[in-house]
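# An overview of the molecular structure
The residues making up each chain are set out below.
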Amino acid sequence: MQLMYEDDSSALEEPPLPTPTDMKDFQFPYNPYPIQQDFMSHLYETIEQRKIGVFESPTGTGKSLSLICGSLKWLQDHARRYDGTVAPGAKSAVASNGSDEPDWILAYDAELKRKNQKDALTTYREELEARIRRVREQEEKERRASVKHWRKKQRLSSSKDADGPTAPLSIDSDSEFVLEEYHSDNEGESEGSGGLKPKVTMPDDVADNLSKEVKDLMRRLQEQEHQSISPTASGHRQYFDEENLEPDEPKIYYASRTHSQLTQFLHEVRKTAWAANLRAVPLGSRANLCINQEVRKLGSVQRMNERCLEMQKAGTKLEDRCPHLPTKDKSRMLDFRDHTLARIRDIEDLVELGQKLNACPYYGTRRSIRPAQLVTLPYHLLLHLPSRASLGLTLRNHIVLVDEAHNLPDTVSAVHTCRVPLRVVVLAREQLEQYLARYKARLKGRNMVYIRQILGVLRGVERLVGKWVKERKEKEGDKMVTAGWFVKEAGVDHLNLFKIEKWLRSSQVARKLNGFVGKVQQEQQTQQQSNPSSNTTTPSGVSPLSQVESFLTALTHAETDGRVIMCAGDPADEEPYIKYILLNPANAFRDVVDDARSVVLAGGTMEPVAALLDHLFPYVPPDRVSHFSCGHVIPPGNLVALAVAEGPSGIPLEFTFDKRGDVKLVSELGQTVVNLCRLIPDGVVCFFASYAYLEQVTRLWEGKGGVLERIGTRKKVFREPRQASEVEQTLREYAQSIDASPPGSPSGGALLLCVVGGKMSEGINFSDQLGRGVIMIGLPFANLGSAELAEKMRHVQERPGAALNAAKEYYENLCMRAVNQSIGRAIRHRNDYAVIVLLDRRFCGPHMRAKLPGWINERVEECTRFGKVVGMVAGFFKKWRVQEDGDAIEG
Ligand code: SF4
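Note that the structure is a prediction, hence the values are computed from the model and not measured. (Residues numbered from 1 in each chain as written. Predicted model: local features only at pLDDT ≥ 70, side-chain atom pairs only at ≥ 80, totals over all residues. Heavy atoms only, no water.)

Moving on, we come to the overall build of the protein chain. In terms of regular secondary structure, the protein chain is built from 33 helices and 18 strands. The burial tally for the protein chain puts 54% of its 891 residues in the buried class. (Helix = DSSP H or I, 4+ residues; strand = E, 2+ residues; numbered from the N terminus. Buried < 20%, exposed > 50% of the residue type's maximum accessible area, 1.4 Å probe, protein only.)

Below you can see the structure in the form of structure tokens.
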């Protein structure tokens, strides 16, 4: 249960917040440019009006700081919204509940309840702030002491696990693997209870943190509040409310693609005045946050998760538990929480803090979510409902900011896509049969029913896929079917997959099964070998049933939202597998939209925005969407963008799939790149449509007097490596080559040949000399032969209200999003300058150009003759050379 907030019921009208007109109120750390001011004002309005926002702001325009200052200003104002006021609408909201009591009594009750809530909240917040203030003061004292004694701030030494090596899994008896009794399948039961007995007691560690006064007030309010919370349309609202009593403070959830982007964001927050009093927490997986060295050695996240949970299960001896997760000394975890919230810390800081306080950062950060005002988290934790559930994270009435959101529809689909080898299905079935045989007599009621049902599903899937693999004709491709067809043909369409999925989650049978299998293996090894002590390995492999569980969960999506693929695999090195692909990301993302107060998608380039809205928010009325797009802060003279239709010999440049192998075209392309490398100083980054095409072209460019040799007389040539581990070295050598040549000279520098959608096309910054030129070769259309793409296009075309060319548009947009990401690697700040060269005549004309970011499209010059290219590129860099020489003389 949680304490209600003043605005917790959408039935209450909020006193509106006017958008600040004085830009100083946003506390932007620098003098904001007009586009940054507009960004913050629009963001504030979007959140205040509970809208969906799409915010587009190119790299280098201060997007992160604008997001931080705009949203935190709103959060601050929102916290003060009801100060000294009575929420209008409270009376009518209460009076309309059908009671026979006179209005004035109802109004009095409502006012009393609101006052009690407010008092409890105020006291709670004061106590929390006091704790955090003490930590801040203590940390400041420590910092001063360090400076005074000329001691450098010491890196917190990694403390060894307090108990030395982790003891092997202790299995005292079979009882630990028996499922707890499953109490109910009632449809009306809350999701949070999951069918197991609901826990309504106040957790000790939370209770320890509250004064008696607050605890009493909260207890009194629990009942009223419980009645007032109704399930959302998705039915998941109450997942965790009953688990926690602490107020879930209004907050901003900030999600981005990688941990380094999240860390970067937190470092930006530190630059602002907001940081001084902001309670923030970064979330991560056990792989990021676990400090138990024995568990870390397991490597895979899944194995770490399972080992960690094993150590926490009921009945585990104290010496076998994780020493960093205290069961009795709750103050350690609270101390960790207070330190986490006392200043802006990134994941690395939290690991150090956990080691210092001997408190698990993974669970410590979870404890910090409810009182936090800013929570940063990677995409999958936000987009995947079971992951949110495992963190106890609710989005209700909070703000969700998704950064780098240009690919969000694909990301949502990828998060919900899963693949299970048939071998794993068979293994899960065998293990469950073994388990049932052992515990048959001790399993009760619903547990027995569900285990039998799951065995039925596993046998059905095994039979169906096995039969299809056996009977399929040679060279027959994969079979793509609807979930309904698959379930029917597997002979399990009479079973309720929703209930099975719910039971799987609630009973945690996959984990128990894994523990059981480990024990059986241990027993077998002990019997086989004379030295049992050498066989005490921990049974922490990835549970086959948990892999199948993800697939069964996927099957509960709406029939039209996804497809099941049966694949026989390549006989040489693959095995048959089943795969679920999500075609419609809108419904999977809808939980987030329904729960959050406002969802804002931000990115350097979000074009084509109409397609993004169509794919993610088809059910949202247009007036609930707010689109803000700003140009670049660079002056007009800092970018030349050219769409080039022909090469130096007049051969048309058109890299369609059937023409790509044309030797004359490849030679013309070579001549074009040689010319550009003569004109562009320092670093040039050249993007190909695929690794295969890059290899095909460079093969033809090799040899004496070939294109690569001619380029090599001026610039050192690098190729994007296929191995991720080699990327860093390639980039280092590329940068060193540029650094070693005289700046601004076209007879030096380096050329980097890379691939659209490869390792260099996202997240790498080719600013200044690293990227004075970006060349895009052709349009990187996806392979139309892919069955998944064909199905996705069919789905897009068949949606109600789809335009005649919806599938074609989808296909082109997919391509242009990839182009935009690649060309966006250059021009990273206000004083940067570069040329962008788009080599393909299909870039000319308004149709494809309209899919470029606005600030690039408005500068594009179409070049039907190569002479124009030479003139413009040469002129552009000559101007900059003169300007920089002048600056150097003045300097
Ligand atoms: S409790 Fe924390 S530190 Fe211990 S194993 Fe689990 S994640 Fe790791």
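Now for the layout of surface pockets. What the second largest pocket holds in volume is close to 1,100 Å³. Along its surface, the second largest pocket is lined by 43 residues, and Thr59, Gly60, Ser64, Glu404 and Arg828 are the ones closest to its centre. Of all the secondary-structure elements, those providing two or more residues to the lining of the second largest pocket are helix H2 (63–79), strand E2 (252–256), helix H7 (259–270), helix H30 (806–823) and helix H32 (854–857). Among the elements that take part in the lining of the second largest pocket, H7 stands out by supplying five residues, more than any other. Grouping the constituent residues of the lining of the second largest pocket by class yields 13 nonpolar, 20 polar and 10 charged. (1 Å grid on protein atoms, 1.4 Å probe; cavity = no way out; pocket = protein on both sides within 12 Å on 5 of 7 lines; lining within 4 Å. Points joined across faces, edges and corners; volume = space filled by probe spheres on them. Nonpolar A, V, L, I, M, F, W, Y, C, P; charged D, E, K, R; others polar.)

So, on to the pattern of salt bridges. Tallied over the entire structure, the rule returns 42 salt bridges. In this structure, glutamate 433 and arginine 459 form a salt bridge, with 2.9 Å as the shortest nitrogen-oxygen distance. Taken together, the residues span a long stretch of sequence, with glutamate 433 in helix H17 (residues 422–439) and arginine 459 in helix H18 (residues 445–471) at a distance of 26 residues. By relative accessible area, glutamate 433 is classed as partly exposed at 28%. When the shortest N-O distance is used, the salt bridge between arginine 732 and glutamate 728 registers 3.8 Å. Placement of the pair is arginine 732 and glutamate 728 together in helix H28 (residues 727–740), with a separation of four residues, close to one helical turn. The exposure class of arginine 732 is partly exposed, given its relative accessible area of 43%. (Salt bridge = Lys/Arg side-chain N within 4 Å of Asp/Glu carboxyl O.)

Where burial is concerned, most of strand E16 (residues 773–777) is hidden: five out of the five residues are buried. Going residue by residue along E16, you find Gly773, Ile775 and Ile777 tucked away on one face and Val774 and Met776 tucked away on the opposite face as well. Where strand E13 (residues 683–688) and E16 come together, four bridges link them in parallel fashion. Among the inter-strand pairings, valine 685 is bridged to a residue of E16, identified as valine 774. As judged from the five bridges shared by E16 and strand E17 (residues 834–839), these two strands associate in the parallel manner. Counted as the bridge partner of isoleucine 775 is valine 837 from E17. (Pairing = 2+ DSSP bridges.)

In the structure shown here, the tally under the stated rule is 21 aromatic pairs. The interplanar angle of 80° and the centroid separation of 5.8 Å between the aromatic rings of phenylalanine 486 and phenylalanine 551 together place this pair among those described as edge-to-face. One end of the pair, phenylalanine 486, is in helix H19 (residues 483–489); the other, phenylalanine 551, is in helix H22 (residues 544–555), with 65 residues separating them in the sequence. Exposure class is identical for phenylalanine 486 and phenylalanine 551. Each is buried. Linked through ring pairs, Tyr833, Phe876, Phe877 and Trp880 together constitute an aromatic cluster. The lysine or arginine in question, arginine 590, covers the ring of tyrosine 619, its NZ or CZ lying 3.9 Å from the ring centre. (Phe/Tyr/Trp six-rings, centres within 6.5 Å; stacked < 30°, edge-to-face > 60°. Lys NZ or Arg CZ within 6 Å of the ring centre and 35° of its normal.)

Here the focus is the sheet that holds strand E18 (residues 860–863). Spatially, seven strands are ordered E14-E15-E13-E16-E17-E12-E18 in an open sheet, and the strand pairing comes out parallel. With partners counted over all chains shown, the strands left at the sheet margins are strand E14 (716–719) and E18, one partner each. Geometrically, the sheet is characterised by an average inter-axis angle of 20° between neighbouring strands, direction not taken into account. Lying on the sheet, H28 is in contact with E13, E14 and strand E15 (750–755); it crosses E15 at an angle near 150°. (Axes fitted to C-alpha atoms, helices over the stretch in contact; angles between N-to-C directions. Contact = heavy atoms within 4.5 Å.)

The local shell around the ligand consists of Arg286, Cys290, Ile291, Asn292, Val295, Cys308, Met311, Cys322, Leu325, Cys360, Tyr362 and Tyr363. Looking at the shell around the ligand, the elements that each hand over two or more residues are helix H10 (301–312) and helix H13 (361–368). Across the shell around the ligand, the residue classes tally to 10 nonpolar, one polar and one charged. (Near = heavy atom within 4 Å.)

What follows covers the pairing of E17. Summarising burial for E17: six of the six residues are buried, a large majority. Neither face of E17 is exposed, since Ala834, Ile836 and Leu838 on one face and Val835, Val837 and Leu839 on the opposite face are all buried. Sheet topology note: the strand E12 (residues 639–644)/E17 ladder contains six bridges and is parallel. From the neighbouring strand, valine 644 faces E17, where its bridge partner is leucine 839.

Turning next to the nonpolar core. With 93 residues, the main nonpolar core has Phe486, Leu545, Phe551, Leu555, Phe589 and Leu601 as its most contacted residues. Not counting the four nearest positions on each side in its chain, phenylalanine 551 is found in contact with Cys418, Val420, Phe486, Val564, Ile578, Lys579 and Tyr580. (Core = buried A, V, L, I, M, F, W, Y, C linked by side-chain atoms within 4.5 Å.)

What follows covers unusual backbone geometry. Although it is not a glycine, glutamine 27 sits at a positive phi angle of roughly 55°. By secondary structure assignment, the location of glutamine 27 is in the segment before helix H1 (34–48). One non-glycine residue with positive phi stands out, namely asparagine 358, at about 50°. Turning to its location among the elements, asparagine 358 is positioned in the loop between helix H12 (347–357) and H13. Overall, the relative accessible area of 21% leaves asparagine 358 in the partly exposed class.

Residue-level pLDDT values for the protein chain average 82, and 82% of them are 70 or greater. For residues 160–172, every residue scores under 50 in pLDDT, and the model assigns this stretch 36 contacts once sequence neighbours within four places are set aside. Counting contacts from residues 217–244, a segment whose pLDDT is below 50, to residues more than four positions away or on other chains yields 71 contacts. (pLDDT = per-residue confidence, 0-100.)

Among all positions in helix H26 (residues 691–701), only Tyr691, Tyr693, Leu694, Val697, Thr698 and Trp701 are buried. Taken end-on, H26 shows its buried residues confined to a sector of 160°, consistent with a single buried face. Of the residues in H26, the exposed ones pointing more than 90 degrees away from the buried face are Ala692 and Arg699. Two residues or fewer after H26 comes glycine 703, characterised by a positive phi angle close to 95°. (Arc of directions from axis to C-beta.)

Strand order in the open sheet formed by seven strands is E3-E4-E2-E5-E10-E1-E11, with parallel pairing between adjacent strands. One side of each edge strand has no neighbouring strand; the edge strands of this open sheet are strand E3 (280–282) and strand E11 (625–629). Each neighbouring strand pair of the sheet contributes to a mean axis angle of 15°, computed without reference to strand direction. Note: E2 against strand E4 (residues 374–378), five bridges, orientation parallel. Counterpart to isoleucine 252 in the pairing with E4 is leucine 374. Helix H24 (residues 609–616) rests against strand E1 (52–56), strand E10 (598–603) and E11 of the sheet, and its axis sits at about 150° to E1.

Here we come to the environment of glutamate 137. Tracing the sequence through the fold places glutamate 137 in helix H4 (residues 103–148). Spatially, the C-alpha atoms of glutamate 137 and alanine 342 are 9.4 Å apart, while their sequence positions differ by 205 residues.

Now for the side chain of glutamate 139. With respect to the secondary-structure elements, glutamate 139 resides in helix H4. Under the relative-accessibility criterion, glutamate 139 is labelled buried at 16%. Only 3.4 Å separates the side chain of glutamate 139 from the side chain of arginine 343, close enough to count as a polar contact. Excluding residues that lie within four positions of it along the chain, glutamate 139 makes contacts with His339, Arg343 and Arg345. (Polar contact = N/O pair within 3.5 Å; in protein donor to acceptor, adjacent residues only side chain to side chain.)

Moving on, we come to H7. With 12 residues, H7 should cover 16 Å at 1.5 Å per step; its first-to-last C-alpha distance of 17 Å lies within 8% of that length. What H7 keeps buried is the set Gln261, Leu262, Phe265, Leu266, Glu268 and Val269. All buried residues of H7 lie within an arc of 155° about the axis, which places them on one face of the element. (Expected span 1.5 Å × (residues − 1).)

The next thing to look at is the packing of helix H16 (residues 408–415) against helix H23 (residues 585–595). Think of two packed helices as two axes; the pair is described by the angle between the axes and how far apart they sit. As a packed pair, H16 and H23 sit with axes 9 Å apart at the nearest point and diverge in direction by 90°. Between H16 and H23, the angle falls in the class roughly perpendicular. Between H16 and H23, the residues in contact are Leu408, Pro409, Val412 and Ser413 and Pro585, Ala588 and Phe589, respectively. (Parallel < 35°, antiparallel > 145°, perpendicular 65-115°, else oblique.)

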